[in-house]
Amino acid sequence: MIEDAVRNNAEWCQAMCAAHGHPGTFGPRAWTSDRRTPPYYPDAVTLTEDATAEDVLTGIDRATPGASVKDGHARLDLAPHGFRLLFEATWIHRPAGPPAAPGPGRWRPVRTPAELASWALAWSGGDPADAALFRPGLLAGPTTTVIAGYGPGGRLLGGAVLSASATVTGVSNLFAAEGADPAEVWTGCLGLADPTKPVVGYESGDDLPPALMAGFRTTGPLRVWLDA
């Protein structure tokens, strides 16, 4: 299941990079981008347990500061190559099936560029630069669904991105607006996931317990390295 989650996450990185005009490349053991990726997205993702430092480092741009590598299996030591460990997180997995209970509010896909702009501004906490990460091209992708939940008066409760692949659905960028319950955002977004596929993602810190309350379990570690 970790390999399915890693592949799905790399495919989501590919979709984000494609929306910014420069998709990466899938190799046998790693996905890489030879141009700096959008903020918060890695320049490489390991796809298999036997991926090596060479697999990820030869395909990325290290001349520009800020290169990062997501080690999906937490196997690499990139410190000897000038990287520092940025953070660690945990892959999560939820079996196929509907959520235990729907979250309150009205949950639906984001359909227009204007809706996406409002969603992204809420996701970013009101930072226009971060909100610009989510470009309208994402709405045309066949595997990407941006989910938003609305409460009374049309107030945005939160949302997430669902990324469909052959075997699983990935959930990422989940956020709860001020005053909203993160656990209810999880169930609301999961209500729009394909019930025939497991749902995967990763979380850490205070963001992990609400996911576990929504029916996920932890499956293994990942690490993100930053070029020092």
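Look a little higher up for the structure.
These remarks concern the structure in this document. (Residues numbered from 1 in each chain as written. Predicted model: local features only at pLDDT ≥ 70, side-chain atom pairs only at ≥ 80, totals over all residues. Heavy atoms only, no water.)

What about the pattern of salt bridges?
Summed over the entire model, instances satisfying the criterion amount to 7 salt bridges. The partner of arginine 7 in a salt bridge is glutamate 11, and the shortest N-O contact between them spans 3.5 Å. Highlighted residues: arginine 7 and glutamate 11, both in helix α1 (residues 2-19), separated by 4 residues, approximately one helical turn. Judged by its relative accessible area of 36%, arginine 7 falls in the partly exposed class. Glutamate 11 gets classed as partly exposed once you look at its relative accessible area, which sits at 29%. (Salt bridge = Lys/Arg side-chain N within 4 Å of Asp/Glu carboxyl O. Helix = DSSP H or I, 4+ residues; strand = E, 2+ residues; numbered from the N terminus. Buried < 20%, exposed > 50% of the residue type's maximum accessible area, 1.4 Å probe, protein only.)

Structural notes on the pairing of strand β11 (residues 217-227)
By the bridge criterion, 4 bridges tie strand β4 (residues 68-71) to β11 in an arrangement that is antiparallel. Across the sheet, serine 68 pairs through a bridge with leucine 226, a residue of β11. (Pairing = 2+ DSSP bridges.)

Some words on the packing of aromatic side chains
What the rule picks out here adds up to 7 aromatic pairs. With a centroid separation of 4.9 Å and an interplanar angle of 75°, the aromatic rings of tryptophan 123 and phenylalanine 134 are classed as edge-to-face. With tryptophan 123 in helix α3 (residues 113-123) and phenylalanine 134 in the loop between α4 (128-131) and β7 (144-150), this pair connects stretches of sequence that are 11 residues apart. A single burial state applies to tryptophan 123 and to phenylalanine 134, both of which are buried. Following the ring pairs from residue to residue traces out a cluster consisting of Tyr40, Trp119, Trp123, Phe134 and Phe175. (Phe/Tyr/Trp six-rings, centres within 6.5 Å; stacked < 30°, edge-to-face > 60°.)

Observations regarding the nonpolar core
Among the nonpolar cores identified, the biggest contains 32 residues, and Trp12, Met16, Trp119 and Phe134 are the most heavily contacted of them. Elements that contribute at least two residues to this core include exactly α1, β5 (83-94), α3, β7, β8 (156-164) and β11. By residue number, the principal contributor to this core is α1, which donates 7 residues. Once residues lying within four places of it in the same chain are set aside, the contact partners of phenylalanine 134 are Trp12, Met16, Leu116, Trp119, Ala120, Trp123, Val161 and Asn173. Membership of the second largest hydrophobic core comes to 18 residues, among which are Ile147, Leu157, Val185 and Phe216. (Core = buried A, V, L, I, M, F, W, Y, C linked by side-chain atoms within 4.5 Å. Contact = heavy atoms within 4.5 Å.)

Let's talk about the sheet that holds strand β2 (residues 30-32)
Sheet architecture is open: 11 strands sit in the order β1-β2-β3-β4-β11-β5-β10-β9-β8-β7-β6, paired in mixed fashion. Strands at the two margins of the open sheet, each flanked by one partner only, are β1 (25-26) and β6 (106-109). With 10 bridges joining them, β5 and β11 adopt antiparallel strand pairing. Counterpart to glutamate 88 in the pairing with β11 is arginine 223. Most of the contacts of α3 go to β8, to which it runs at about 105°, and overall it touches β6, β7, β8 and β9 (169-176). (Axes fitted to C-alpha atoms, helices over the stretch in contact; angles between N-to-C directions.)

Examining the environment of serine 165
Mapped onto the elements of the fold, serine 165 is located in the loop between β8 and β9. What makes serine 165 buried here is its relative accessible area of 11%. Along the chain, serine 165 and glutamate 203 lie 38 residues apart, while their C-alpha atoms are 19 Å from each other. When neighbours within four sequence positions are excluded, serine 165 is seen to be in contact with Asn8, Glu11 and Lys197.

Thoughts on the environment of glycine 125
With respect to the element layout, glycine 125 can be found in the loop between α3 and α4. The exposure class assigned to glycine 125 is exposed, which follows from its relative accessible area of 71%. Spatially, the C-alpha atoms of glycine 125 and threonine 32 are 29 Å apart, while their sequence positions differ by 93 residues.

Focus: the environment of leucine 156
Of note, leucine 156 is situated in strand β8. Sequence-wise, leucine 156 and tryptophan 107 are 49 residues apart; in three dimensions their C-alpha atoms are separated by 9.8 Å. Apart from residues no more than four positions distant in its own chain, leucine 156 is found in contact with Ser118, Trp119, Ala122, Ala148, Gly149, Tyr150, Phe175 and Ala177.

Overview of the side chain of threonine 37
With respect to the helices, strands and loops of the structure, threonine 37 is situated in the loop between β2 and β3 (44-46). A polar atom in the side chain of threonine 37 sits 2.5 Å from the backbone oxygen of tyrosine 41. In terms of polar contacts, threonine 37 uses its side chain to reach the backbone carbonyl oxygen of proline 42, at 3.4 Å. Here threonine 37 is in contact with Cys17, Trp31, Pro42 and Asp43, once residues within four sequence places are set aside. (Polar contact = N/O pair within 3.5 Å; in protein donor to acceptor, adjacent residues only side chain to side chain.)

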